[in-house]
Amino acid sequence: MRFRAKIVDLACLNHFSRVINTIAKLARICTLRLTVSKLYFILSDKVANGGVGMWCELNQGNFFDEFQMEGVAAEHNEIYLELVPENLSRALKTAQNAKAVKMKLTNKHCPCLRVAVELPSLSSSSRIVTHDIPVGVIPRRLWNDFKEPSVPDFDVSIYLPVLKTMKSIVERMKNLSNSIMIEANLNGEMNLKVETDLVCVTTHFKDLGNPSWALEDGCQSSQDRDPETMAEARIDIRKLQQLLAGQQVNPTKALCNIVSKRIVHFILLHEDVSLQYFIPALT
């Protein structure tokens with residue numbers, strides 16, 4: 001099992017760093033899955049037990065100048081590692097204006113992801129700062145626990161308003177309640193609502209637009225739905241705030257699928273990164 005990669009392009013490095021910062025804000029521990037063409041950051045807290053789920057997918061070719069890996073076996077050419085994304089984020093912070101960053105899987109005293117940052121120096125010799133990030137190697141028999149979550153048969157799918165706007169609204173609402181109701185319909189309308197014994201505050205958004213999902217996706221349960229009827233789910237407001245506050249990737253598209261009273265599924269798309277985030281509804 002081997003992995004080594006290198007980023008030379010500074011724009012790619014900074015973009016990768018922003019993605020890792022976002023992941024670090026969403027997950028204390030996550031799984032890094034490496035394949036020949038992609039990297040995945042996965043958080044599979046059991047959504048059924050009230051945990052959030054995350055699936056972030058990156059095309060390695062858009063970030064790395066060199067990328068070599070050999071998986072556990074020829075027919076299973078993948079590597080699954082458990083790591084603390086905050087450690088990787090911290091290592092990349094030292095690489096703001098680096099000449100190159102190399103990553104390598106090593107095993108001295110324990111398995112580590114070694115991040116070597118080559119910094120520009122005034123003399124001819126270069127300075128290299130090395131970070132060894134401990135990782136856990138996930139055995140093949142557990143890989144099935146980290147499959148891509150299936151998109152639930154949602155009642156309503158809607159584009160989100162500008163995330164910065166949504167973030168400032170949610171931050172204010174967080175002072176009033178621990179939970180927030182998200183409602184949306186197929187007319188492009190969405191409401192964010194908090195209710196307490198003393199107060200009820202609602203923010204209305206209009207003309208957001210509804211994505212048209214291809215029929216073959218099998219998730220077209222919402223076609224025959226009355227466009228005015230709201231689908232709703234009450235979720236933990238801190239989990240939503242965490243998602244909005246952690247955003248450093250500036251998605252080109254952001255949408256949300258609601259399965260009434262069960263789950264809210266967020267999808268944030270950037271040209272070379274896609275992030276899915278699942279927040280279960282509160283009972």
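Here is a short report on the structure shown in this document. (Residues numbered from 1 in each chain as written. Predicted model: local features only at pLDDT ≥ 70, side-chain atom pairs only at ≥ 80, totals over all residues. Heavy atoms only, no water.)

1. Some remarks on the pairing of strand β3 (residues 38–44)
Phase 1 of the analysis: Of all seven residues in β3, five are buried, a share of seventy percent or more.
Phase 2 of the analysis: In the sheet, strand β2 (residues 30–34) pairs with β3 via four bridges, with the strands oriented antiparallel. Bridge pairing in β3 links T31 to I42.
Phase 3 of the analysis: From the end of β2 to the start of β3, which pair antiparallel, there are three residues. (Buried < 20%, exposed > 50% of the residue type's maximum accessible area, 1.4 Å probe, protein only. Helix = DSSP H or I, 4+ residues; strand = E, 2+ residues; numbered from the N terminus. Pairing = 2+ DSSP bridges.)

2. Section: the sheet that holds strand β17 (residues 263–270)
Phase 1 of the analysis: The nine strands lie next to each other as β10-β6-β2-β3-β4-β18-β17-β16-β11, forming an open sheet whose pairing is antiparallel. Of all strands in the sheet, those bounded by a partner on one side alone are β10 (136–137) and β11 (156–159).
Phase 2 of the analysis: Sheet analysis places strand β6 (residues 79–83) next to β10, joined by two bridges and oriented antiparallel. Bridge pairing links L81 to V137 in β10.

3. What about the pattern of salt bridges?
Phase 1 of the analysis: Within the structure shown, the criterion is met by ten salt bridges.
Phase 2 of the analysis: As a salt-bridge pair, K38 and E57 come within 2.7 Å of each other at their nearest N and O atoms. Taken together, the positions of K38 in strand β3 and E57 in strand β4 (residues 53–59) put the pair 19 residues apart, joining distant regions of the chain.
Phase 3 of the analysis: The class for K38 is partly exposed, based on a relative accessible area of 22%.
Phase 4 of the analysis: A salt bridge links E183 to K193; its shortest N-O distance comes to 3.4 Å. Within this pair, whereas E183 is found in strand β12 (residues 179–184), its partner K193 is found in strand β13 (residues 190–195), the two being separated by ten residues in sequence. (Salt bridge = Lys/Arg side-chain N within 4 Å of Asp/Glu carboxyl O.)

4. Here's the deal with a nonpolar patch on the surface
Phase 1 of the analysis: A cluster of nonpolar side chains, M1, V72 and V137, forms an exposed patch at the surface whose accessible area comes to about 240 Å².
Phase 2 of the analysis: By the secondary structure assignment, V72 is in the loop between β5 (66–70) and β6. (Patch = residues over 30% accessible without salt bridge, like charges linked within 9 Å, V, L, I, M, F, W, Y side chains within 5 Å. Areas by Shrake-Rupley, 256 points an atom, 1.4 Å probe, with all protein chains shown as cover.)

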